[in-house]
Amino acid sequence: GIAYELNIAAVKCAKDAVTSFLEKHPERKNEAGPFIAGAIGPMNKTLSLSPDVNNPGYRSVSFDEVADAYYEQVKALSDAGADLLLIETIFDTLNAKACLFAIQELYEEISQELPIMVSGTITDASGRTLSGQTTDAFLISVSHVPLLSVGLNCALGAKQLRPYLQ
């Protein structure tokens, strides 16, 4: 599908940029990196919250549909040669879990693993994700998968995020 094609093209653009950089900086050719992180951003649909205020149990998408959509993207990023996967701007931990499920499914199929980074987003000074989790709860929710890193991004500035990282 289009998601697969877009992600293949994105990794190709990143590889071209790395090649161009290394041509201009030949002294860097023997160093580790630069690395291409296959960024997997948030969806416009959420598994944890209802889009219908009058029907809190309603969901416009299922876990399997979200996992399938993420699978298409992570397969493309892997096929194209990304060095690692970055699940970022996570506001709904259940969506992140669907993405992690898709990644693990791919890893089982290809018998290869890329490092995984996860970055959640705190939506306001309460220190919680949009779906209501604290940073501690968010960390626990994704810790079942071996991760290279867990971080926070967006919504608040670096200074305001510092207490939640600590």
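All figures in this text were calculated on a predicted structure; none of them were measured in a lab. Every chain is numbered independently, its residues counted from 1 as its sequence is written. Confidence filtering applies because this is a predicted model: local features only for residues at pLDDT of at least 70, side-chain atom pairs given and counted only at 80 or more, and all residues used for totals across whole chains, interfaces and linings. The side-chain numbers reported here are obtained from all heavy atoms of the structure, hydrogens and water having been left aside.

K.L.:
Let's hear about the overall build of the protein chain: which residues, and what values?
P.N.:
For helices the rule is a DSSP run of H or I covering at least 4 residues; for strands it is a run of E covering at least 2, with both sets numbered from the N terminus onward. The helix and strand tally for the protein chain stands at five helices and four strands. Listed N to C, the secondary structure of the protein chain is α-β-α-β-α-β-α-β-α in terms of helices and strands. Expressed as lengths along the three principal axes of its C-alpha atoms, the size of the protein chain is roughly 60 × 40 × 25 Å. Categorising residues by exposure relies on relative accessible area from a 1.4 Å probe, with only protein chains included: less than 20% of the type maximum marks a residue as buried, more than 50% marks it as exposed, and the intermediate range marks it as partly exposed. Within the protein chain, the proportion of its 166 residues that are buried is 35%. The contact rule is simple, with two residues in contact once any of their heavy atoms fall within 4.5 Å. Across the protein chain, every contact between residues at least 6 apart in sequence was considered, and the portion connecting residues at least 24 apart equals 72%. The Shrake-Rupley method, run with a 1.4 Å probe, gives the accessible areas here. Residue values count only the displayed protein chains as cover. Summed over all atoms, the accessible surface of the protein chain reaches about 9,400 Å², with 56% contributed by carbon and sulfur. Charge counting treats Lys and Arg as positive and Asp and Glu as negative, with His and both chain ends excluded. One atom stands in for each charge, and that atom is NZ of Lys, CZ of Arg, CG of Asp or CD of Glu. With 12 positive and 20 negative side-chain charges, the protein chain shows a separation of 9 Å between the mean positions of the two kinds.

K.L.:
Can you break down unusual backbone geometry residue by residue, with the values?
P.N.:
Positive phi is not limited to glycine here, since threonine 89 has a value of about 55 degrees. For threonine 89, the position within the fold is in strand β2 (residues 84-90). Judged by its relative accessible area of 15%, threonine 89 falls in the buried class. Residues other than glycine seldom take positive phi values, yet serine 111 does so here, at roughly 50 degrees. Its location among the elements puts serine 111 in the loop between α3 (93-110) and β3 (116-120).

K.L.:
Before we move on, could you go through the packing of aromatic side chains and cite the residues and values that matter?
P.N.:
Aromatic pairing here means that ring centres of Phe, Tyr or Trp (its six-membered ring) are within 6.5 Å. Orientation follows from the plane angle: under 30 degrees is stacked, over 60 is edge-to-face, and everything else is tilted. By the definition in use, this model includes one aromatic pair. Residues phenylalanine 63 and phenylalanine 101 carry aromatic rings whose centres are separated by 5.9 Å and whose planes lie at 65 degrees to one another, so their mutual orientation is edge-to-face. Within this pair, whereas phenylalanine 63 is found in helix α2 (residues 63-80), its partner phenylalanine 101 is found in helix α3, the two being separated by 38 residues in sequence.

K.L.:
Tell me what's going on with the packing of helix α1 (residues 2-24) against α2, and back it up with residues and numbers.
P.N.:
Simply put, an axis is a line fit to the C-alpha atoms, just over the touching stretch for a helix, and the angle between two N-to-C directions goes from 0 to 180 degrees. Look at α1 against α2: their axes get within 8 Å of each other, and the N-to-C directions meet at 35 degrees. Helix-helix and strand crossings are classified by hand; for α1 and α2 the assignment is right-handed. On α2, the residues that touch Ile2, Ala3, Tyr4, Asn7, Ile8, Val11 and Lys15 of α1 are Glu72, Gln73, Lys75, Ala76, Leu77, Asp79 and Ala80. Here the contact of α1 with α2 is built from residues that sort into eight nonpolar, two polar and four charged. Two helices crossing with the near one rotated counterclockwise from the far one by less than a right angle form a left-handed crossing, whereas a clockwise rotation gives a right-handed crossing. Put simply, Ala, Val, Leu, Ile, Met, Phe, Trp, Tyr, Cys and Pro go in the nonpolar bin, Asp, Glu, Lys and Arg in the charged bin, and everything else, Gly too, in the polar bin.

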